[in-house]
Amino acid sequence: PGICSSRLVVKHTFLEVCEPAWSEGAQGLTEHIERYRNCPLMHATVPDQFKPAIFAHGARIPFPEPTLAIRRPRLRHPEDVLLGGGEARPQQV
């Protein structure tokens, strides 16, 4: 890994110092596969467009099979589920 130095960034009229930091989350393909392969996001009822994807040489390849039974996802707002291109409900502010 290379070494990155701090930079000054102009944001609005303030100068802020940006500092690089190591990520605390999952790193690498193997860790991401293990994180998502048994996740409710991978349940058969979830549309494919919302699932994580893996690509090799620019083509999508199958995601590794789960090692456990996958629970159906819990929905916060079931009316927001888009199955087949419906319109999303406007967010309330």
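What counts, and at which threshold
- Residues numbered from 1 in each chain as written.
- Predicted model: local features only at pLDDT ≥ 70, side-chain atom pairs only at ≥ 80, totals over all residues.
- Heavy atoms only, no water.
- Helix = DSSP H or I, 4+ residues; strand = E, 2+ residues; numbered from the N terminus.
- Buried < 20%, exposed > 50% of the residue type's maximum accessible area, 1.4 Å probe, protein only.
- Areas by Shrake-Rupley, 256 points an atom, 1.4 Å probe, with all protein chains shown as cover.
- Core = buried A, V, L, I, M, F, W, Y, C linked by side-chain atoms within 4.5 Å.
- Contact = heavy atoms within 4.5 Å.
- Polar contact = N/O pair within 3.5 Å; in protein donor to acceptor, adjacent residues only side chain to side chain.
- Salt bridge = Lys/Arg side-chain N within 4 Å of Asp/Glu carboxyl O.

Within the chain one finds one helix and four strands. Scanning the chain from its N terminus toward the C terminus, one meets helices and strands in the order β-β-α-β-β. Counting the 93 residues in the chain, one finds 11% classified as buried. Accessible surface computed for the chain: about 8600 Å², of which carbon and sulfur atoms make up 56%.

Further remarks concern the nonpolar core. If you look at the biggest cluster of nonpolar residues, it comprises five residues: Ile33, Met42, Ile54, Phe63 and Ile70. Ignoring any residue separated from it by four or fewer positions in sequence, one finds Met42 in contact with Tyr36, Arg37, Lys51, Pro52, Phe63 and Ile70.

This part covers the environment of Asn38. Mapping Asn38 onto the fold places it in the loop between α1 (29-36) and β3 (54-56). Measuring from C-alpha to C-alpha, the distance between Asn38 and Leu68 comes to 6.0 Å, with 30 residues separating the pair along the chain. If sequence neighbours within four positions are ignored, Asn38 has contacts with Pro66, Thr67, Leu68 and Ile70. One polar contact links the side chain of Asn38 to the main-chain amide nitrogen of Thr67, over a distance of 2.8 Å.

Looking at the secondary structure, you find His43 in the loop between α1 and β3. On the accessibility criterion, His43 (17% relative accessible area) is buried. Beyond its immediate sequence surroundings of up to four residues, His43 is in contact with Lys51, Ile70, Arg71, Arg72 and Pro73.

One pass over the full model with this rule turns up two salt bridges. A salt bridge links Arg37 to Glu34; the nearest nitrogen and oxygen atoms lie 2.8 Å apart. Accessibility expressed as a relative area gives 45% for Glu34, which makes it partly exposed. In this structure, Asp48 engages Arg60 in a salt bridge whose closest nitrogen and oxygen atoms are separated by 3.1 Å. In this pair, Asp48 is assigned in the loop between α1 and β3 and Arg60 in strand β4 (residues 59-61), connecting sequence segments twelve residues apart.

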